[in-house]
Amino acid sequence: MRYIIIGAGAVGGAIGGRLFEGGREVVLVARGAHHRALAEKGLTLLTPDGTAVLPVPAADGPDGVDLQPDDVLLLAVKSQDTRAALDAWADRPVAGSGTAAELLPLVCAQNAVENEREALRRFRRVYGMCVWLPATHLEPGVIGAEGSPLTGILHIGRYPHGADDTARRIAADLEACKLLAPVSEDVMRWKYGKLITNLSNALEALTGPIESAQALELHQAAMAEGTRVLDAAGIGYATDQERAEVAGDRMRYRPVPGVNRGGGSSWQSLARGTGSIEADYLNGEIVLLGRVHGLATPVNGVLQRLADRAARAGRGPGSTTPAELAALIAKES
């Protein structure tokens, strides 16, 4: 199988780089300066193992890829960019006959839980992937990945449920390339568990490192609110203990020379001034479910609203104090 990595940023670049390094066929799809650097110099992947410069083929969009029947589309864009990516790729012809949406598996290697549902409107074969992979897009063409000895843990399964030969084949390729890929009959349970931990992404982006007592209180409050809403909705989720048992000593964070990891994906969105952030699909998922089930969600509501505003205004990470957030939440509680 050949892997078309749609959105070869931090996560997509790290997965694509490891697959290519392990002898798999890969095409990295990126835009602008990142694409130009990949096309001219290859992908520079910094890991605890060292630095690798990988001549991975690169394209700047669907027009640059001639799709084949054995291709796998691995979607690694931020959730707010999913619809545009689906629009761009769904009707692309596949050699022989048919389109990508009709014939090719689409793997959602993304945070949040809405992407798979959105994809299934257009693509017949959709797979969820729960991504545990610490990585940073450092500069055009350069990705740092700090997981060790494995680079990441990527639970995979068919959406909305089940496991099949395609999921197992993808998992086998990943596991041959320094990635752990458990195949799950209920991958969304893992993704809902990840959603709970991602509720503090906006907090980290707004306030900086979650270290003070007040920031830690807000972190716990956001997750507690999230679990309360999921419980009320009857939605199952993997626990911290389950995740720890899977990870064990197989993936731990190790600093990499030259990689200054300031924060997670939402922090990186503000740091890079992308103009958008995933809060609508992380905190906003809890707000939506809270409204459906009649539960107040002041913590996640404030985090969603302020993160959106910070992204649109082009403010960098750390523009708000924990005390300011706490005061706004108290007004809504």
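Cut-off values and rules
- Positions within a chain are numbered from 1, following the residues in the order the chain's sequence is written.
- For a predicted model such as this one, the threshold for reporting local features is a pLDDT of at least 70, and the threshold for listing and counting side-chain atom pairs is 80 or more; totals across whole chains, interfaces and linings nevertheless cover every residue.
- For the side-chain quantities, the full set of heavy atoms in the structure was used; hydrogens and water were omitted.
- In this analysis, strands are considered paired if DSSP registers two or more bridges between them.
- Put simply, DSSP H or I for four residues or longer makes a helix, DSSP E for two residues or longer makes a strand, and each gets a number counted from the N terminus.
- Where helices are involved, their axes are fitted lines through C-alpha atoms of the stretch in contact, as for all axes, and angles between N-to-C directions lie from 0 to 180°.
- UniProt positions are given in the numbering used here, feature names are shortened, and annotations may be inferred rather than shown by experiment.
- For the exposure calls, accessible area comes from a 1.4 Å probe over protein chains only, and a residue counts as buried if that area is under 20% of its type's maximum, exposed if over 50%, partly exposed in between.
- Working rule for contacts: check all heavy atoms of both residues, and any pair within 4.5 Å makes them a contact.
- Here, the term nonpolar core denotes a set of buried Ala, Val, Leu, Ile, Met, Phe, Trp, Tyr and Cys residues that are joined through side-chain atoms within 4.5 Å.
- Salt-bridge detection follows one rule: a side-chain nitrogen of Lys or Arg within 4 Å of a carboxyl oxygen of Asp or Glu.
- Think of a polar contact as two N or O atoms within 3.5 Å of one another; within protein, one of them needs to be a possible hydrogen donor and the other a possible acceptor, and neighboring residues in sequence only count if both atoms come from side chains.

J.: Now, about the sheet that holds strand 9 (residues 135–139): what can you tell me, with residues and values included?
T.: Spatially, four strands are ordered 4-3-10-9 in an open sheet, and the strand pairing comes out mixed. Edge strands, defined here as strands with exactly one partner in the open sheet, are strand 4 (50–54) and strand 9. When strand polarity is set aside, the average angle formed by the axes of neighbouring strands in this sheet is 20°. The pairing of strand 3 (residues 43–47) with strand 10 (residues 142–145) spans three bridges and is classified as parallel. Paired with Leu46 across the bridge in strand 10 is Gly144.

J.: Describe the UniProt feature "domain: Ketopantoate reductase N-terminal" (unreviewed entry) in the protein chain, naming the residues involved and giving the relevant values.
T.: Feature annotation in UniProt assigns "domain: Ketopantoate reductase N-terminal" (unreviewed entry) to the following positions: residues 4–158. With 26% helix and 35% strand, residues 4–158 has end C-alpha atoms that lie 18 Å from one another.

J.: Residue-level account of helix 11 (residues 265–272), with values.
T.: Every α-helix carries 3.6 residues per turn, so stepping three or four residues along brings you back to the same face. Taken together, the buried positions of helix 11 are occupied by Ser265, Ser266, Gln268, Ser269 and Leu270. Those residues of helix 11 that are buried are in contact with helix 1 (10–21), strand 9, helix 8 (201–207) and helix 13 (298–313). Note on helix 11: the residue one or two positions beyond its end, Gly273, has a positive phi of about 60°.

J.: Explain unusual backbone geometry to me, and be specific about the residues and the numbers.
T.: Of note, the bond from Ser148 into Pro149 is cis; its omega dihedral lies within 30 degrees of zero at 0°. With an omega of 10°, the peptide bond between Tyr159 and Pro160 qualifies as cis. Mapped onto the secondary structure, Pro160 falls in the loop between strand 12 (152–158) and helix 6 (165–175). In this structure, Ala112 takes a positive phi of about 80° despite not being glycine. Here Ala112 lies in the loop between strand 7 (106–109) and helix 5 (115–120). Phi at Lys178 takes a positive value of approximately 65°, unusual for a residue other than glycine. Its place among the elements puts Lys178 in the loop between helix 6 and strand 13 (179–180).

J.: Lay out the sheet that holds strand 1 (residues 2–6) with the relevant residues and their values.
T.: In space, the eight strands of this open sheet follow the order 5-2-1-6-7-8-12-13, with mixed pairing throughout. At either end of the open sheet lies a strand with only one pairing partner, and these are strand 5 (58–59) and strand 13. Sheet analysis places strand 1 next to strand 6 (residues 71–75), joined by five bridges and oriented parallel. Looking at the pairing, Arg2 lines up with Asp71 of strand 6.

J.: Summarise the nonpolar core; cite the residues concerned and give the values.
T.: Ranked by internal contacts, the top residues of the largest apolar core, which has 58 residues, are Ile4, Leu67, Leu73, Trp89 and Phe123. No other element matches helix 13, which puts seven residues into this core. For Trp89, the residues in contact, after removing those within four places along its chain, are Ile4, Ile6, Val29, Gly61, Pro62, Val65, Leu67, Leu73, Ala100 and Phe123. Core analysis: the next-biggest nonpolar cluster, separate from the first, contains 37 residues, Ala8, Ala14, Leu174 and Leu179 among them.

J.: Break down the pattern of salt bridges for me, with residues and values.
T.: Following the criterion strictly, the structure yields 17 salt bridges and no others. Note that Asp71 and Arg2 form a salt bridge whose closest N and O atoms lie 2.7 Å from each other. Residue Asp71 is found in strand 6, and its partner Arg2 is found in strand 1; the two are separated by 69 residues along the sequence. Note on accessibility: Asp71 and Arg2 belong to one class, buried. A salt bridge links Asp63 to Arg92; its shortest N-O distance comes to 3.1 Å. In this pair, Asp63 is assigned in the loop between strand 5 and strand 6 and Arg92 in the loop between helix 3 (82–89) and helix 4 (100–103), connecting sequence segments 29 residues apart. Overlapping salt bridges, with partners in common, bring together Arg18, Glu21, Asp49 and Lys178 in one network.

J.: Now, about the environment of Arg254: what can you tell me, with residues and values included?
T.: Here Arg254 shows up in the loop between strand 14 (251–253) and helix 11. Excluding residues that lie within four positions of it along the chain, Arg254 makes contacts with Pro48, Glu146 and Ser148. In this structure the side chain of Arg254 is engaged in a polar contact, spanning 3.1 Å, whose partner is the side chain of Ser148.

J.: Provide a residue-level description of the pairing of strand 4, including the pertinent values.
T.: Looking at chain direction, strand 3 and strand 4 are connected through five bridges and run antiparallel. Considered in strand 4, the bridge of Leu45 is made with Ala52. With antiparallel pairing between neighbouring strands as the criterion, strand 3 and strand 4 make up a hairpin whose turn holds two residues.

J.: I'd like a rundown of the side chain of Thr44, residues and numbers included.
T.: Topologically, Thr44 is positioned in strand 3. Once residues within four sequence positions are removed from consideration, Thr44 is found in contact with Thr51, Ala52, Val53, Gly141, Val142 and Ile143.

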